[in-house]
Amino acid sequence: MVDTVLDRSIALGYGKTGLYVRRRMPGWPADGGRMDGKVVVVTGAASGIGQAAAVGFVRLGAQVHALARNQERAEDAARMIRQRVPRAADRVHPGVCDVSSLASLRGFARGFRQRHDSLHVLVNNAGVMPDTREHSPDGVELTFATHVLAPWVLIDELTDPLARTASSRVINVVSGGQYGQALPAGDPQSELDSYGPKKIYARTKRAELVLTEQWADRLRDQDIHVYAMHPGWADTKGVRSWLPVFRALTRPIIRTPEQGADTVVWLGSSDEPLGATGTLWHDRRPRPATYAVGPGRDDDETRAQLWQHVSGLAAR
């Protein structure tokens, strides 16, 4: 009951207060196990939750590929992770992947498959919130390309190495903001709607959650577990850049990136969630995909349109 009240209150549950209370409640899930020899890919690893998650996996013994959009940022990401876990320097690998570009996504995936037979954990974390409507090199609305198309392509391109690993996991980092948005029927990229950074960000995170559910159904028989998680309110570079007023208002309770990344690392390292593929998680607990107050579940036709649209874009 206390956990549910925290979750529905938003401010208490999404801030550091919620995590502090939950960690001290009976039944808080135990930390995951060691990951020695396991291979992890994290997008958006140059800062924030992505970097914190990469550090967490490295500390557990994993080989971590820290992805960023260009060589300089990838090298910086690897350097910062190595500084935080000095004894694991040889287990941190910079990876160049501009997730807004189909060519870059496919180039990274192709190179990864050539070097690795298996993949244990894929974390789709990279995010953007441009002030005005922008488009990717492939002509796709940029937020949609980053949050929706990129995870789809990486999952599709890396299905084979994921399938060669027992109980592999895909973790899609979404947002609590998705509760206030519905999929736009007949307009998957929201091109016919007025642009608002926060609205489109939340809407694409809603789409990413819906695709999580669809991928989970498709990959279930291959022992690939697909989860979504939202980190609550975390003090990341993106929040500081895109939401300065929000950060100022929530500063007393906003989480550190490490606190925001806790459930990412736990989902990737614990066996406890393995029976719950296709679910949304926050603070190591499954959460409802919709609330009673809000747009509710997206209809089956709109969900199917989303899959068809994204798979069509990926086929270019």
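This report concerns the structure included in the present document. What you see as residue numbers is a count from 1 along each chain, following the sequence as written. Only residues with pLDDT of 70 or above have their local features reported here, since the model is predicted, and side-chain atom pairs are shown and tallied only from 80 upward, although totals for entire chains, interfaces and linings are computed over all residues. Note: side-chain values were computed over all heavy atoms of the structure, leaving out hydrogens and water.

## Digging into helix 5 (residues 71-84)
Counting along an α-helix, one turn takes 3.6 residues, and residues three or four places apart therefore face a common direction. What counts as a helix is a DSSP run of H or I of at least four residues, what counts as a strand is a run of E of at least two, and both are numbered from the N terminus. The span one expects for a helix is its residue count, reduced by one, times 1.5 Å. Taking 1.5 Å per residue as the helical rise, helix 5 with its 14 residues ought to reach 20 Å, and the 20 Å between its terminal C-alpha atoms agrees with that figure. Residues of helix 5 that are buried sit in contact with helix 4 (48-59), strand 2 (63-68) and strand 3 (92-96). Put simply, Asn70 is the residue that caps the front of helix 5, since its side-chain oxygen is 3.3 Å from the backbone nitrogen of Glu72. Any two residues whose heavy atoms approach within 4.5 Å at even a single point are treated as in contact. Any N or O atom pair separated by 3.5 Å or less is treated as a polar contact, with the protein-specific requirement of one donor-capable and one acceptor-capable atom, and with residues adjacent in sequence counted only for side-chain atom pairs.

## Overview of unusual backbone geometry
The phi dihedral of Ser167 falls on the positive side, at around 55°, and the residue is not glycine. Relative to the assigned elements, Ser167 resides in the loop between helix 8 (159-163) and strand 5 (168-173). Classification of residues uses two cut-offs on accessible area relative to the type maximum, computed with a 1.4 Å probe and protein chains only: under 20% is buried, over 50% is exposed, and between them is partly exposed. A residue is classified by how much of its surface remains accessible, and Ser167, at 22% relative accessible area, is partly exposed.

## Side note on the packing of helix 1 (residues 2-9) against helix 3 (residues 16-23)
Working convention: axes come from line fits to C-alpha atoms, limited for helices to the stretch in contact. Angles between N-to-C directions cover 0 to 180 degrees. Interaxial distance between helix 1 and helix 3 falls to 10 Å at its minimum, and their mutual angle equals 170°. Taken together, helix 1 and helix 3 sit at an angle that is classed as roughly antiparallel. Across the interface between the two elements, Val2, Asp3, Leu6 and Asp7 from helix 1 touch Gly18, Val21 and Arg22 from helix 3. Residue type decides the class: Asp, Glu, Lys and Arg count as charged, Ala, Val, Leu, Ile, Met, Phe, Trp, Tyr, Cys and Pro as nonpolar, and the leftover types, Gly among them, as polar. Across the contact of helix 1 with helix 3, the residue classes break down as 3 nonpolar, 1 polar and 3 charged. Should an angle fall under 35 degrees it is called roughly parallel, over 145 degrees roughly antiparallel, and 65 to 115 degrees roughly perpendicular, with every other angle called oblique.

## Observations concerning the sheet that holds strand 6 (residues 224-229)
Any two strands with at least two DSSP-identified bridges between them are counted as paired. The strand order across the open sheet built from 8 strands is 3-2-1-4-5-6-7-8, with neighbouring strands paired in mixed fashion. On the outer flanks of this sheet lie strand 3 and strand 8 (285-287), each paired with one strand and no other. With strand direction ignored, the average angle separating the axes of adjacent strands in the sheet is 25°. Pairing geometry for strand 5 and strand 6, over 6 bridges, is parallel. Within the sheet, the bridge partner assigned to Val170 lies in strand 6 and is Val226. Here helix 4 sits on the sheet in contact with strand 1 (39-42), strand 2, strand 3 and strand 4 (121-124), set at roughly 170° to strand 1. The sheet strands contacting helix 12 (residues 257-269) are strand 4, strand 5, strand 6 and strand 7 (280-282), and the helix crosses strand 5 at an angle near 160°.

## Focus on empty space enclosed by the protein
Using only the protein atoms, space was sampled on a 1 Å grid; points where a 1.4 Å probe fits but cannot get out form cavities, open sets with protein on both sides within 12 Å along at least five of seven lines form pockets, and lining residues are those with an atom within 4 Å of a point. Grid points are joined across faces, edges and corners, and a volume is the space filled by probe spheres set on the points. Scanning the model with the defined rule gives 3 cavities of 30 Å³ or more in all. One number sums up the size of the largest cavity: a volume of about 90 Å³. If you trace the largest cavity, you find 13 residues lining it, with Phe144, Leu183, Pro184, Pro188 and Leu306 closest to the centre. Counting residues per element, the lining of the largest cavity draws most heavily on helix 9 (residues 197-219), at 4 residues. Of the residues belonging to the lining of the largest cavity, the class tally is 7 nonpolar, 5 polar and 1 charged. Taken as a whole, the second largest cavity encloses approximately 60 Å³ of empty space. As for the second largest cavity, its lining consists of Thr43, Val99, Asn124, Asn125, Ala126, Thr146, His147, Ala150, Pro151, Lys205 and Glu208. Of all the secondary structure elements, the ones that give two or more residues to the lining of the second largest cavity are helix 7 (142-157) and helix 9.

## With respect to the side chain of Glu213
Position of Glu213 relative to the elements: it lies in helix 9. Classification of Glu213 as buried rests on a relative accessible area of 18%.

## Here's the deal with the packing of helix 9 against helix 13 (residues 300-314)
Two elements in contact, helix 9 and helix 13, have axes separated by 10 Å at closest approach and are oriented at 85°. In this view, helix 9 runs roughly perpendicular relative to helix 13, as classed from their interaxial angle. Two secondary-structure elements touch here, helix 9 through Ala207, Val210, Leu211, Glu213, Gln214, Trp215 and Arg218 and helix 13 through Arg303, Ala304, Leu306, Trp307 and Val310. Taken together, the residues of the contact of helix 9 with helix 13 break down into 8 nonpolar, 1 polar and 3 charged.

## A look at helix 12
Under the 1.5 Å per step criterion, the end-to-end length of helix 12 is 18 Å for 13 residues, consistent within 8% with the ideal 18 Å. What is called the bend at a residue is the angle between a pair of axes, fitted to the seven residues leading up to and ending at it and to the seven starting from it. The largest bend along helix 12 measures about 30° and falls at Thr263. Counting buried positions along helix 12 yields 11 of 13 residues, so the element is predominantly enclosed. Among the residues of helix 12, those classed as buried are Pro257, Gly260, Ala261, Asp262, Thr263, Val264, Val265, Trp266, Leu267, Gly268 and Ser269.

## Re the layout of surface pockets
Its volume calculated, the largest pocket comes out at about 1,300 Å³. Taken together, 49 residues make up the lining of the largest pocket; nearest its centre are Gly127, Val128, Tyr201, Gly238 and Trp242. The dominant element in the lining of the largest pocket, judged by the number of residues it contributes, is helix 10 (residues 237-242), at 5 residues. Residues of the lining of the largest pocket, tallied by class, amount to 25 nonpolar, 18 polar and 6 charged. If you add up the space inside the second largest pocket, you get close to 260 Å³. What lines the second largest pocket is a set of 15 residues, and nearest its centre among them are Gly56, Leu60, Asp262, Val265 and Arg284. Only helix 4 and helix 12 provide two or more residues apiece to the lining of the second largest pocket. If one sorts the elements of the lining of the second largest pocket by residue count, helix 12 sits on top with 6 residues. Counted by class, the lining of the second largest pocket contains 6 nonpolar, 3 polar and 6 charged residues.

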